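Reading the structure
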Amino acid sequence: MDEAGIDWQAGAIFRPVRTGNAFEETVERLLQAIKLGVFGHGDRLPAERELAARLGIGRETLREAIRSLQQAGAVESRRGRYGGTFVTYRMPPPDVADLRRAASDLGEELEDALTYRLVLEAGAAETAARRDLTAEQRAYLRRRLTDLEQAPPEEYRRLDSRFHLAIAELTGSRSLATAIAEARMRLNDLLNAIPILDRNIDHAAHQHRGMVDAILAGDADTARRATEEHLAATAALLRGFLS
């Protein structure tokens, strides 16, 4: 795995567990990876040995966490040559009622969360544009964009999340990528509940393309502005459905 963590697209999530609550934090990390779209329905999680090493935990702790996720219906384990642990969680369909409930849960923290996300992600796009990205990293970013542009409606939010996390990973800063993943989790239920609108998807596609073009061209100022414009549009749409 290279320094950008692009094999899993999860470097910010699968960092070593640092607290004394290894089991609980492991469950949290795995659920974050699933809910943020790093692994979709039917995907196989990394091998137990590799995942335990990445998280810095014992394999028994990992097994206990996976058993808990099985009981919750988020994953299932299969035996045999092509066995492993597979994701069974499906992202719920967009729903305005869910959107309003999630916004109510956040309360006054909503505007704080939106501002925090904008500052972090705009800075990440600018930072990624300033880096001398490898050919593999550049191809990876293009691939994440293509996957998003070709996504069916039921996969759009998951692949949108992966696209934004990809830019965070390409900054080369684990701390920044971690902060962006955590900021996304604060807003995840809200973002996933926004109805899929064709005109909004077309507009977002143009903005995503502008972000990628600027990053790959090394144009840091344009990368920042394009990201700010995109996130401001998402925040406006969100507020519109909440009003």
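Residues numbered from 1 in each chain as written. Predicted model: local features only at pLDDT ≥ 70, side-chain atom pairs only at ≥ 80, totals over all residues. Heavy atoms only, no water.

A closer look at the pattern of salt bridges
Inspection of the entire model under this criterion finds 19 salt bridges. Among the ionic pairs, Glu 60 bridges to Arg 67, the shortest N-O distance being 3.0 Å. By relative accessible area, Glu 60 is classed as partly exposed at 40%. Here Arg 67 falls in the partly exposed class, since its relative accessible area comes to 40%. Linking Glu 228 and Arg 224 is a salt bridge whose minimum nitrogen-to-oxygen distance equals 3.4 Å. With Glu 228 and Arg 224 both in helix 10 (residues 220-242) and 4 residues apart, the pair spans about one turn of that helix. You can call Glu 228 partly exposed: its relative accessible area is 29%. Ionic contacts of the salt-bridge type, sharing partners, join the residues Glu 48, Arg 59, Glu 60, Arg 63 and Arg 67 into one network. (Salt bridge = Lys/Arg side-chain N within 4 Å of Asp/Glu carboxyl O. Buried < 20%, exposed > 50% of the residue type's maximum accessible area, 1.4 Å probe, protein only. Helix = DSSP H or I, 4+ residues; strand = E, 2+ residues; numbered from the N terminus.)

Re helix 9 (residues 198-217)
In this model helix 9 runs 28 Å from its N-terminal to its C-terminal C-alpha over 20 residues, within 8% of the 28 Å that 1.5 Å per residue would give. Regarding helix 9, the residues found buried are Ile 201, Ala 204, Gln 207, His 208, Met 211, Val 212, Ala 214, Ile 215 and Leu 216. Packing partners of the buried residues in helix 9 comprise helix 5 (109-130), helix 6 (135-149), helix 7 (156-169) and helix 10. Positive backbone phi, at 75 degrees, marks Gly 218, one or two positions downstream of helix 9. (Expected span 1.5 Å × (residues − 1). Contact = heavy atoms within 4.5 Å.)

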